[in-house]
Amino acid sequence: MSRFAANLSMLFIDVDFLARFAQAKACGFSAVEYISPYEYPAEVIQAELAEHGLSQVLFNLPVGNWAEGERGIACLPGRVDEFRQGVSQAIRYAKALNCPQVNCLAGKVPAGSDQQLIENTLVTNLRFAADALAKENIRLLIEPINNLDMPGFYLNTSRQALALIEQVGSKNLWLQYDIYHMQRMEGELIQTLRNHLSQIAHIQVADNPGRHEPGTGEINFDNIFSALDQMGYSGWIGCEYNPQGDTAAGLSWLNHRQR
């Protein structure tokens, strides 16, 4: 049966970040994910997890200056030292929070960049990160993101991500498959999941259009969740969507599935 994690960067945003752990627990979640833990000391987040009996299942490597529009630095040639420092920081947090995996956002490609240099930088950085994380028994994930919501992002399709995984050549590099992003880019959701399940370590969900709760748009999530159960998917499914209204009120889709 599918296991769902609350994405605290997008759910319960009417309260401060640290208060969202309690909200997630009160709504029946047993696990959480989010974009970044680095704004808080690891022990502060660990205390919230412990107090509410929650598992930490995912966060990202440091993504650069999010407020200024950066969405990862792994493909940026001038930021390699910063990227490597971020890997060390992520390892410290993952160990403190008992988090088994971290996601790497590839980043946006600056206009006029040398595409081969961008690719070489990303491959080198992913090899470094995959090796460093493997030594700590932490998985490294990469995530394709649609280029309609995020123009210029380097990685846009599952096919591109899988080719990158092959190019990097590490056993510790996995695909994070976001249903919303891949519906916008390529469709064929269930068949792609079936074909590549062995390489998928984490799934995220939101409906399209609008990136709202499952059941608010065109995607047949009953079919997707049933197919994942039949395939034997044992990873987490992150609820990474923008609630149409109150987060708790919008969880009827999940409450119905977990009955």
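Residues numbered from 1 in each chain as written. Predicted model: local features only at pLDDT ≥ 70, side-chain atom pairs only at ≥ 80, totals over all residues. Heavy atoms only, no water.

Draft legend 1. Spatial organisation of the overall build of the chain. The secondary structure content of the chain amounts to nine helices and eight strands. Taking 18 Å as the expected radius of gyration for a compact globule of 259 residues, we find that the chain reaches 17 Å, a close match to that expectation. Taken over the C-alpha atoms alone, the chain extends approximately 50 × 40 × 35 Å along its principal axes. Here the chain, with 259 residues, has 51% of them falling under the buried criterion. Contacts spanning at least 24 positions in sequence make up 74% of the contacts within the chain whose residues lie at least 6 apart. (Helix = DSSP H or I, 4+ residues; strand = E, 2+ residues; numbered from the N terminus. Rg over C-alpha atoms; globule rule 2.2 N^0.38 Å. Buried < 20%, exposed > 50% of the residue type's maximum accessible area, 1.4 Å probe, protein only. Contact = heavy atoms within 4.5 Å.)

Draft legend 2. Spotlight on the UniProt feature "domain: Xylose isomerase-like TIM barrel" (unreviewed entry) in the chain. The UniProt feature table records "domain: Xylose isomerase-like TIM barrel" (unreviewed entry) at residues 21-255. Helix makes up 41% of residues 21-255 and strand 14%. Its end C-alpha atoms lie 18 Å apart. (UniProt positions renumbered as here; feature names shortened; annotations may be inferred.)

Draft legend 3. Region of interest: the nonpolar core. With 81 residues, the main nonpolar core has Phe-29, Phe-59, Leu-140, Ile-179 and Ile-203 as its most contacted residues. Sequence-distant contacts of Ile-203, defined by excluding residues within four places in its chain, comprise Tyr-177, Ile-179, Leu-193, Leu-228, Tyr-233, Trp-236, Ile-237 and Gly-238. Residues Val-57, Leu-58, Leu-141 and Trp-236 belong to the second largest nonpolar core, which totals seven residues. (Core = buried A, V, L, I, M, F, W, Y, C linked by side-chain atoms within 4.5 Å.)

Draft legend 4. Spatial organisation of the environment of Leu-140. Mapping Leu-140 onto the fold places it in strand E5 (residues 139-142). Accessibility expressed as a relative area gives 0% for Leu-140, which makes it buried. Discounting residues that sit within four places of it in the chain, Leu-140 has contacts with Leu-61, Val-102, Cys-104, Leu-126, Ala-129, Ala-130, Leu-133, Asn-172, Leu-173 and Trp-174.

Draft legend 5. Just the sheet that holds strand E4 (residues 101-104), in detail. Read around the barrel, eight strands follow the order E1-E2-E3-E4-E5-E6-E7-E8 and close on themselves; strand pairing throughout is parallel. Here the strands of the sheet are splayed against their neighbours by 30° on average, with no regard to which way each runs. Relative to strand E7 (residues 200-205), strand E6 (residues 173-178) runs parallel, the two sharing four bridges. Each residue of the ladder has a partner; that of Gln-176, found in E7, is His-202. Across the sheet, helix H5 (residues 158-168) lies against E5 and E6, angled at about 170° from E6, the strand it touches most. (Pairing = 2+ DSSP bridges. Axes fitted to C-alpha atoms, helices over the stretch in contact; angles between N-to-C directions.)

Draft legend 6. Spotlight on the packing of aromatic side chains. Tallied over the entire structure, the rule returns eleven aromatic pairs. With centroids separated by 5.6 Å and ring planes inclined at 85°, the aromatic side chains of Phe-4 and Trp-253 adopt a geometry described as edge-to-face. Residue Phe-4 is located in strand E1 (residues 3-7), and its partner Trp-253 is located in helix H9 (residues 252-257); the two are separated by 249 residues in the primary sequence. A relative accessible area of 4% places Phe-4 in the buried class. Residue classification places Trp-253 among the buried positions, given a relative accessible area of 13%. Judged by centre distance (5.4 Å) and plane angle (20°), the rings of Phe-17 and Tyr-40 are stacked. Placement of Phe-17 in the loop between E1 and helix H1 (20-26) and of Tyr-40 in the loop between strand E2 (31-33) and helix H2 (42-52) is noted, with a sequence separation of 23 residues between them. Judged by relative accessible area, Tyr-40 falls into the partly exposed class, the value being 26%. Taking NZ or CZ as reference, Arg-3 lies 4.2 Å from the ring centre of Trp-236, over its face. (Phe/Tyr/Trp six-rings, centres within 6.5 Å; stacked < 30°, edge-to-face > 60°. Lys NZ or Arg CZ within 6 Å of the ring centre and 35° of its normal.)

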